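Spelled out from the first residue to the last, the chains are:
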Amino acid sequence: MSMRPEELKGHLDGLILAVVALEPLHGYAVIEQLKARSGGALALPEGTVYPALHRLEADGLLESAWSTASGRRRRVYRITRRGEKELGASRKRWRVFAGTIEAVLA
Amino acid sequence: MSYLNELESELSATGIPARRRRRILAEFADHLHENPNAELGAPRELARQFADELGTSLARKAAFRAFGALAFAGVGLVAMFLAVGRWRGVTLYGTHRHVATPTWTLPIMLITALAAQVALVAGTLALLRAWRLRHERVISHSDAVVLARRSAVGLLCGAVTMAALPAIALAFPHTTGHTWTIFAWVVAAVAAILMACVAPTVLESARLRPASSGEPADLTADLGPWLPSGMTPTRCALLLTAAIVVVLGLQGVIASDPYDGIARGLLDAAACMTGFIVLGRYLGLRTAS
């Protein structure tokens, strides 16, 4: 079952940080990782990930650099120390949120 | 028109700078090369999302950086004033040792005294709003406008204020002394460089703003947690002016010149209220309603 984009609101930053924390990735690979790790459930409009990547970088949570692969330039993102801290906080917030909803819905 | 051309024209229309546009287009081109059938979304929506997210980040960054530069300038200015006042006997009106004050310094000191207060208020309010909105993924267009204005006015008045130090050094070269004069020029120069370094971020935040609509907030929203209920921006301003009269009046009493204290208090309070009336709407202290 795929999730609606509005259900991801507020969690996209944490999801992106989580996949980039595993290894440096370019934009397309971030989206592919999100799909793969969610078993295809995170099928958000692909373009919407890029503005979030740029903002996370502007906020100092990600950093990026050009690299060349098969003769093409691509921007590769990696998590910063601040990004790792934010990812930890994001995971904590999610556990509290999920626990609360679970307690009511279950 | 190809998808990338359309995206470029929409990004340009929202105010995304050329360098950032080139990078976005290169990333989208790479994405389409990997998957030519990718559903990237409508160019207009994407451009708006870029403007919303980058504009939000930029507006906050401009406010925090402007406050940082102003904080350095403020601390430097106060420290230098205390040093010249306590050890050398120089005051805003001249010196205790009956050294003649050059006429050209008076308008400069008056302007810098006013500019210092506007810089303090604008910079602090920029910080307050940026701090209040620090967790927002996207802020409204009106909040971004207010943040950019507060940062810009703070920086501009901060830069004007720093002219006070070289002015004193030039006006009283024999009284201030060699060491103080060197420090005055160094503090003024470092503060000016810091403010010049922040200026591009503030200018960029003025050009790239989020498009999201939202109710414009006023001073009471910025001071929210510290305000008693029923406070309006005008009441806040009146309370502040009353506090200024009391504090400067008491200062006059302590200095055995209560009339001078009260007179200065009333003058400063009038300047504060004038600032609120003239700049209140522009700096988002009060709204139209």
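Residues numbered from 1 in each chain as written. Chains lettered and ligands numbered in written order. Predicted model: local features only at pLDDT ≥ 70, side-chain atom pairs only at ≥ 80, totals over all residues.

Undergrad: Is there a simple way to think about the overall build of chain B in this case?
TA: Along its length, chain B carries eleven helices and two strands. Each helix and strand of chain B, placed in order from N terminus to C terminus, yields the pattern α-α-α-β-β-α-α-α-α-α-α-α-α. Expected size for 289 residues packed as a compact globule is a radius of gyration near 19 Å; at 24 Å, chain B overshoots this value by more than 25%. Seen along its three principal axes, the alpha-carbon backbone of chain B occupies a region of about 80 × 50 × 25 Å. By residue count, 37% of the 289 residues in chain B fall in the buried class. Partitioning the contacts of chain B with sequence separation of at least 6, the portion at a separation of at least 24 is 76%. (Helix = DSSP H or I, 4+ residues; strand = E, 2+ residues; numbered from the N terminus. Rg over C-alpha atoms; globule rule 2.2 N^0.38 Å. Buried ≥ 20, exposed ≤ 12 C-beta atoms within 10 Å, placed from the backbone. Contact = placed C-beta atoms within 7 Å.)

Undergrad: For this particular structure, what's the right way to read the nonpolar core?
TA: Soluble, globular proteins show a tendency: their nonpolar side chains are buried together. Grouped together as the largest cluster of nonpolar side chains are 94 residues, with contacts concentrated most on I16 and V30 of chain A together with A66 and L165 of chain B. Sort the elements by how many residues they give to this core and helix α3 (residues 43–88) of chain B lands first, with 17 residues. Sequence-distant contacts of L165 of chain B, defined by excluding residues within four places in its chain, comprise L77, M80, A184, V187 and A188 of chain B. (Core = buried A, V, L, I, M, F, W, Y, C linked by C-beta atoms within 7 Å.)

Undergrad: Even after reading the chapter, I still don't get the interface of chain A and chain B, so can you show me in this structure?
TA: Accessible area lost on assembly of the parts is the figure often given for the size of an interface. With 18 residues of chain A at the interface, the matching set in chain B holds 19 residues. When contributions to the side of chain A that touches chain B are tallied by element, the ones reaching two or more residues are α3 (27–37), α4 (49–58) and β3 (72–79) of chain A. Ranked by residues supplied to the side of chain A that touches chain B, first place goes to α4 of chain A with six residues. Looking at the side of chain A that touches chain B, its residues break down into six nonpolar, five polar and seven charged. (Nonpolar A, V, L, I, M, F, W, Y, C, P; charged D, E, K, R; others polar.)

Undergrad: Quick question: what am I supposed to make of the packing of helix α1 (residues 3–14) of chain B against helix α2 (residues 18–34) of chain B here?
TA: When two helices pack together, you describe them by how their axes are tilted relative to each other and by the distance separating the axes. Residues and elements named next belong to chain B. Taken N-terminus to C-terminus, the directions of α1 and α2 make an angle of 155°; their axes are 10 Å apart at the nearest point. One finds that α1 runs roughly antiparallel with respect to α2. Remark: the crossing between α1 and α2 carries right-handed chirality. Of α2, the residues touching α1 (which contributes L4, L7, E8, L11 and S12) are R21, I24, L25, F28 and A29. Partitioning the contact of α1 with α2 into residue classes produces seven nonpolar, one polar and two charged. (Axes fitted to C-alpha atoms, helices over the stretch in contact; angles between N-to-C directions. Parallel < 35°, antiparallel > 145°, perpendicular 65-115°, else oblique. Left-handed = near helix turned anticlockwise from the far one by under 90°.)

Undergrad: Just checking my understanding: could you explain the pairing of strand β2 (residues 62–69) of chain A for this structure?
TA: Every other side chain in a regular strand lies on the same face of the sheet, so the side chains alternate between the two faces. Residue and element names in this part refer to chain A. Here β2 pairs with β3 via eight bridges, running antiparallel. Each bridged residue has a counterpart across the sheet, and for E63 the counterpart in β3 is R78. The antiparallel hairpin formed by β2 and β3 contains two residues in its connecting segment, where S70 sits at a positive phi of about 50°. (Pairing = 2+ DSSP bridges.)

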